[in-house]
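Structural description and commentary
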Amino acid sequence: MSIPELIVQNWSRLLGGLAMTVELTIISLIIAAVLGLTFGLLSVSKKKTLRAIALVYVDIVRGTPLLVQAFFIYFGIPAALGLRLDPNMAGIITLSMNAGGYLAEIFRGGIESVNKGQMEAARSLGLPYSLAMTKVILPQAIRTMTPALINQCIITLKDTSILSIIGIQELTQTGRLIIANNYQAFEMWTIVAVMYFIIIMILTKISKRIERKMSYGKSKN
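Remember, it's a predicted structure, so these values are computed and weren't measured experimentally.

**Description of the overall build of the protein**
- The helix and strand tally for the protein stands at 8 helices and 0 strands.
- Each helix and strand of the protein, placed in order from N terminus to C terminus, yields the pattern α-α-α-α-α-α-α-α.
- A principal-axis box enclosing the C-alpha atoms of the protein has dimensions of 70 × 50 × 25 Å.
- Within the span of the protein, comprising 221 residues, buried residues form 40% of the whole.
- Element-wise, carbon and sulfur atoms account for 66% of the exposed surface of the protein, whose accessible area totals about 12,600 Å².
- Of the charged side chains in the protein, 21 are positive and 11 negative; the average position of the first set lies 12 Å away from that of the second.

**Considering the confidence of the model for the protein**
- Averaged over the protein, the pLDDT score is 90; the fraction of residues at 70 or greater is 96%.
- Summarising per-element confidence for the protein, the mean pLDDT is lowest in helix H8 (residues 185–220) (83) and highest in helix H2 (residues 48–63) (95).

**Some remarks on the packing of helix H4 (residues 87–113) against helix H6 (residues 129–159)**
- Where H4 contacts H6, the two axes come as close as 8 Å, and the packing angle between them is 145 degrees. Along this stretch, H4 crosses H6, giving a crossing that reads as right-handed. Across from Leu 95, Asn 98, Ala 99, Tyr 102, Leu 103, Ile 106, Phe 107, Gly 110, Ile 111 and Ser 113 in H4, the residues of H6 making contact are Met 133, Ile 137, Leu 138, Ala 141, Thr 144, Met 145, Ala 148, Leu 149, Gln 152, Thr 156 and Asp 159.
- Residue composition of the contact of H4 with H6, grouped by class: 14 nonpolar, 6 polar and 1 charged.

**Comments concerning the nonpolar core**
- The biggest cluster of nonpolar side chains holds 18 residues, and the ones touching the most others in it are Leu 103, Ile 111, Met 119, Met 133, Ile 137 and Met 145.
- Of all elements in the fold, only helix H1 (3–43), H4, helix H5 (116–124) and H6 reach the threshold of two or more residues within this core.
- Those residues in contact with Met 133, other than ones at most four positions away along the chain, are Leu 41, Ile 111, Met 119, Leu 138 and Pro 139.
- The next biggest cluster of nonpolar side chains, apart from the first, holds 15 residues, and it includes Leu 171, Ile 191, Ile 199 and Ile 200.

**Re helix H3 (residues 66–81)**
- Here H3 contains 16 residues, and its C-alpha end-to-end distance of 22 Å stays within 8% of the 22 Å for a straight helix at 1.5 Å per residue.
- At Phe 72, H3 shows its maximal bend, which comes to roughly 40 degrees.
- Among the residues making up H3, those that are buried are Leu 66, Gln 69, Ala 70, Ile 73, Tyr 74 and Pro 78.
- Considering only its buried residues, H3 is in contact with H2, H4 and H6.
- Within two residues after H3, Gly 82 carries a phi angle of roughly 70 degrees, on the positive side.

**Describing the environment of Leu 131**
- Assignment of secondary structure puts Leu 131 in helix H6.
- Measuring from C-alpha to C-alpha, the distance between Leu 131 and Ala 99 comes to 26 Å, with 32 residues separating the pair along the chain.

**With respect to the packing of aromatic side chains**
- Enumeration according to the criterion identifies 3 aromatic pairs in this entry.
- Their ring planes at 25 degrees and their centres at 4.2 Å tell us that Phe 39 and Tyr 57 sit as a pair that is stacked. One end of the pair, Phe 39, is in helix H1; the other, Tyr 57, is in helix H2, and 18 residues separate them in sequence. Here the two residues Phe 39 and Tyr 57 agree in accessibility, since each one is buried.

Basis of the calculations
- Residues numbered from 1 in each chain as written.
- Predicted model: local features only at pLDDT ≥ 70, side-chain atom pairs only at ≥ 80, totals over all residues.
- Heavy atoms only, no water.
- Helix = DSSP H or I, 4+ residues; strand = E, 2+ residues; numbered from the N terminus.
- Buried < 20%, exposed > 50% of the residue type's maximum accessible area, 1.4 Å probe, protein only.
- Areas by Shrake-Rupley, 256 points an atom, 1.4 Å probe, with all protein chains shown as cover.
- Lys, Arg positive; Asp, Glu negative; His and termini not counted.
- Charge placed at Lys NZ, Arg CZ, Asp CG, Glu CD.
- pLDDT = per-residue confidence, 0-100.
- Axes fitted to C-alpha atoms, helices over the stretch in contact; angles between N-to-C directions.
- Left-handed = near helix turned anticlockwise from the far one by under 90°.
- Contact = heavy atoms within 4.5 Å.
- Nonpolar A, V, L, I, M, F, W, Y, C, P; charged D, E, K, R; others polar.
- Core = buried A, V, L, I, M, F, W, Y, C linked by side-chain atoms within 4.5 Å.
- Expected span 1.5 Å × (residues − 1).
- Bend = angle between axes of the 7 residues up to and from the residue.
- Phe/Tyr/Trp six-rings, centres within 6.5 Å; stacked < 30°, edge-to-face > 60°.

Set out below in structure tokens:
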């Protein structure tokens, strides 16, 4: 069976797997953004305890493989607590925790890239720390962070393929199941690879376009 014939025969399953991949990515990134911002703010706090908490979280996430994290959340924690965890929920938790650790570093770097005088000026005008951070520092930091944030979106999208190991029927797992039926591994993996490539290239182009606009804006200023 040729590649076009495989696509026609399995297009609904492939689109279903792609939809699951995109859904996992979006939900995980929303949760990861909250985690990343929270721990990013903790990491620039003046309190050592808060900085230590952020450091431990980031080090654990960045110091362990994503596959091990998925196994720990899907198999380890349920075994220890005597409960059963839905694969999709385990996948979202894994991706969120993982991406959150990297986003925390992106937020920290973005916040620290803003001139410290900005915070001092805002505080001297009577703004409380929280308001100065949300109204003055973060809007400037986001301009710097945007390319890195989009890059993390791409990484998280690719990371969803690892979750096929715990049975989530995203795009990679869908490809594996189709191959189990027709044994046409080369053709099916080619189709899956092209689908990933198209989505990732679209996100890459968007990232480069935003980066160019930001660079143009800075040059005008």
